[in-house]
Amino acid sequence: MYQVMEANLLCFILFTLVGLVLTSFNDYLHNGTSHYHYCVLGAGPAGLQMGFFLSKAKRDYVILERNSGPGSFFNKYPRHRKLISINKIHTGRHNAEFNLRHDWNSLLSDKPDLLFKRASGEFYPPADAFPLYLSAFERELGLKVKYGVDVGRIRSVRSATGRSYVLTDQHAADYSCSILLVATGLWVPQEVEFAGSHLAEGYESISTNPDDYKDQAVLILGKGNSAFETAQSILGRASRVHMLSSSTVRLAWQTHYVGDLRAVNNEVLDTYQLKSLDGLAEARLEDIVITKQEERGRKRSGIKNPETRDKLFLNLRQFKQNGDEGKGSDDPRDELLDHIDNFSLRKPYDRVIRCLGFRFNFSIFDSSARPPPSENAKGRLPGVTAWYEGKNTPGLFLLGTASHSRDYRSSAGGFVHGFRYTARAVHRVLEYRHHGNTWPSTRLMTTQLMSWILKRVGEASGPYQMFETLGDVILLRGSHCEYVEEFLLQALPRFSSLSGHDVSSQGLIVLVMQYGKRKIDYLGLGRSQTDWTKAWKSNFLHPVLYYYDLLPTEQDMKTRPHGWPLPRPKAIHHMVEDFLTEWDTPLSHIQPLRRFLEHCVHSDLRAFSTENCFRSALTHRKPPLFCQQGYLTR
């Protein structure tokens, strides 16, 4: 009996020891450091887009995502479940590049059918369709994504081989990489501190059931798309909806900035201007005071209904302070009555909702790896260089919405249809810097240049979406040229060091899409320009060509005219705006463009018949380029 017990005890001890060894080995594997050349943080649209480029180039990379699937932001936002990104499937064209101009949701890939229209056919699609599309994108391209990795700390480490970044997750496992690509987007709610700010509900947590606002007075803080989306959802239930912010409403169709208020969300403007109880007001949110008290009538009567909630009163700090020096009334409106008795927001509210957008999560970066806040966007975004590398954080790049400080309120870099192209530009910068692969280019005979430019302005999506931010650079080299697509305009002074292409003594031409700078009535009769001799007065999006005999310097960029995307060139050409955005008419577009190019290359770019080339060869020392490159070379 004792022998059996001893044998069982020995077995128990043996199994225990084996279990401890295996557990320790698993912990070692789990808590060890994984090394990659590239780490992409976040499996949203920007992270997956960069993942495609890295995968196609066969680079050593990993995408780390804290949630269980891609695009988790869109599982919750926008709260009322309608995207405002255009999904125009039917364009009447079969040109895939042209169609991307009107497809604001698809990512770039080498699979022509891997488009967002597979997930939804609606013009303004449901938000639930986006994670489905991203899942298909990741699955069909075989991207390397690790889910459930919640990175809580990022630090920079210096060594003899250079700087690297170490990411630590919730299990204390480390991921080390030479290049860190941050694509976490903006998801931390933006808040403003004021007296009573704790009484405001957040956009991130409000009820989305319109019946919960039945016959309630609602004050919404903010006038962006999230604020108007919220207002629109409760218009039919709330007794009144007021909106308050420091700035007036900016309409996207007036500013040409897709982040401003979109028409799909602006029904409350109708009810405001058509006198139906709703309204907009302006005040600095830092200067307001919100207090909770019983409504005056109920308080005086002494009757309290447990089913009714206390009212929220809005005051301004200057009045509140002045009122405190006086009678000290406990009714929040009394302080106002001594100053202005028709204060717009004097009536009490049942709810105050904060809809102020989102900001970047700086908290996961320690001081060695934290990019500084941007100088614009109220510091909500990280500051980046012209090639999207974090300022003071070499080797750390920002992608997607997090990189939007570079073109904030001026282009589409904060949105999928814009940052899919800036992500590609960042990848091309990395390919040259770390692998010696120059920026892709097309070698053209100079006589082909005009046709190529007309092709690009008629179909290219990158410069069209990222207007005044990405542009095509044409390197003139005499009888031929190098056409470099979608370069980062603000990085033009560093063109050679970022792209690997040299600028010759012949100079360069930069092709940019841009809007006019004059303030006009965008629906008025004089809103468009059709006279090609006045093309520089074009108001709508149109191509502009800048000719430089020398590459602009950093100082040139700093001193460029206000509102210009590039420094003043040696010669400039505006192609007159076109209602159809095609720019292909013989007299208004093609002929003026040819004459400009001839001025830049110092040669006749016309096409000639065989007979005319023969005559020119007999009568001229230097026949036109078309004849030199065609007829005379057989």
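Structure shown above.
Residues numbered from 1 in each chain as written. Predicted model: local features only at pLDDT ≥ 70, side-chain atom pairs only at ≥ 80, totals over all residues. Heavy atoms only, no water.

Q: Hey, could you run me through helix H11 (residues 416-435) in this one?
A: An α-helix turns once per 3.6 residues; consequently, residues spaced three or four apart project the same way. Here H11 spans 27 Å end to end across 20 residues, near enough to the 28 Å set by a 1.5 Å rise per residue. Counting buried positions along H11 yields 16 of 20 residues, so the element is predominantly enclosed. (Helix = DSSP H or I, 4+ residues; strand = E, 2+ residues; numbered from the N terminus. Expected span 1.5 Å × (residues − 1). Buried < 20%, exposed > 50% of the residue type's maximum accessible area, 1.4 Å probe, protein only.)

Q: Got a minute to help me understand the sheet that holds strand E8 (residues 201-202) in this structure?
A: With parallel pairing, five strands are arranged side by side in an open sheet as E8-E14-E9-E10-E11. Only two strands of the sheet have a single partner each, and these edge strands are E8 and strand E11 (279-282). Judged from the five bridges that link them, strand E9 (residues 217-221) and strand E10 (residues 240-245) form a sheet pairing that is parallel. What sits directly across from Leu219, in E10, is His242. Helix H5 (residues 225-234) rests against E9, E10, E11 and strand E14 (351-354) of the sheet, and its axis sits at about 170° to E10. (Pairing = 2+ DSSP bridges. Contact = heavy atoms within 4.5 Å. Axes fitted to C-alpha atoms, helices over the stretch in contact; angles between N-to-C directions.)

Q: Can you walk me through the pairing of strand E1 (residues 33-41) in this structure?
A: Consecutive side chains of a regular strand alternate in pointing toward one face of the sheet and then the other. In this sheet, strand E6 (residues 174-182) lies alongside E1 in parallel orientation, the contact comprising eight bridges. Within E6, the position partnered with Val40 by the bridge is Leu181. One ladder, built from four bridges, connects E1 with strand E2 (residues 61-65); its direction is parallel. Residue Cys39 lies in a different strand from E2, and its bridge partner there is Val62. With respect to chirality, the unit in which E1 leads through helix H2 (residues 45-56) into the neighbouring parallel E2 is right-handed. (Right-handed = clockwise from strand over helix to strand, strands pointing away.)

Q: Whenever I open this one, the pattern of salt bridges confuses me. Can you help?
A: A side chain of one charge can pair with a side chain of the opposite charge if their charged atoms are brought near each other. What the rule picks out here adds up to 27 salt bridges. In this structure, Asp174 engages Arg155 in a salt bridge whose closest nitrogen and oxygen atoms are separated by 3.8 Å. Of the two residues, Asp174 is situated in strand E6 and Arg155 in strand E4 (residues 153-159); the sequence distance between them amounts to 19 residues. Accessibility expressed as a relative area gives 14% for Asp174, which makes it buried. (Salt bridge = Lys/Arg side-chain N within 4 Å of Asp/Glu carboxyl O.)

Q: Explain the sheet that holds strand E20 (residues 508-514) to me, please; I cannot follow it from the model alone.
A: The strands that make up a sheet are held in pairs by hydrogen bonds between backbone atoms, and each pair lies either parallel or antiparallel. The strand order across the open sheet built from six strands is E17-E19-E18-E20-E21-E22, with neighbouring strands paired in antiparallel fashion. One side of each edge strand has no neighbouring strand; the edge strands of this open sheet are strand E17 (441-445) and strand E22 (571-574). Strand-to-strand twist across the sheet, computed as the mean angle between neighbouring axes with direction ignored, equals 20°. With respect to the sheet, helix H12 (residues 449-459) is in contact with E17, strand E18 (470-477), strand E19 (480-488), E20 and strand E21 (542-548), its orientation differing from that of E19 by roughly 20°. Packing of helix H16 (residues 586-601) onto the sheet brings it into contact with E18, E20, E21 and E22, and relative to E22 it is tilted by some 165°.

Q: I would appreciate a short explanation of the side chain of Arg456 in the present structure.
A: Residue position: Arg456 is located in helix H12. In contact with Arg456, other than residues within four places in its own chain, are Arg101, Pro463, Asp472, Tyr483, Glu485, Glu486 and Leu511.

Q: Sorry if this is basic, but what is going on with the nonpolar core here?
A: Generally speaking, nonpolar side chains in soluble globular proteins are found buried as a group. Core analysis: the largest hydrophobic core is formed by 114 residues, its most contacted members being Ile154, Leu167, Leu180 and Leu181. Considering each element in turn, this core owes the most residues, eight residues, to H11. Once residues within four sequence positions are removed from consideration, Ile154 is found in contact with Leu41, Tyr165, Val166, Leu167, Leu180, Ile364, Phe365, Asp366 and Ala369. By size, the runner-up hydrophobic cluster in this structure holds 29 residues, among which are Val457, Met575, Cys600 and Val601. (Core = buried A, V, L, I, M, F, W, Y, C linked by side-chain atoms within 4.5 Å.)

Q: Even after reading the chapter, I still don't get the side chain of Gln514, so can you show me in this structure?
A: Within the secondary structure, Gln514 is located in strand E20. Here the side chain of Gln514 touches Tyr546 through a polar contact of 2.9 Å, side chain to side chain. Once you skip the residues sitting within four places of it in the chain, Gln514 turns out to touch Glu468, Phe540, Leu541, His542, Val544, Tyr546, Pro565 and His574. (Polar contact = N/O pair within 3.5 Å; in protein donor to acceptor, adjacent residues only side chain to side chain.)

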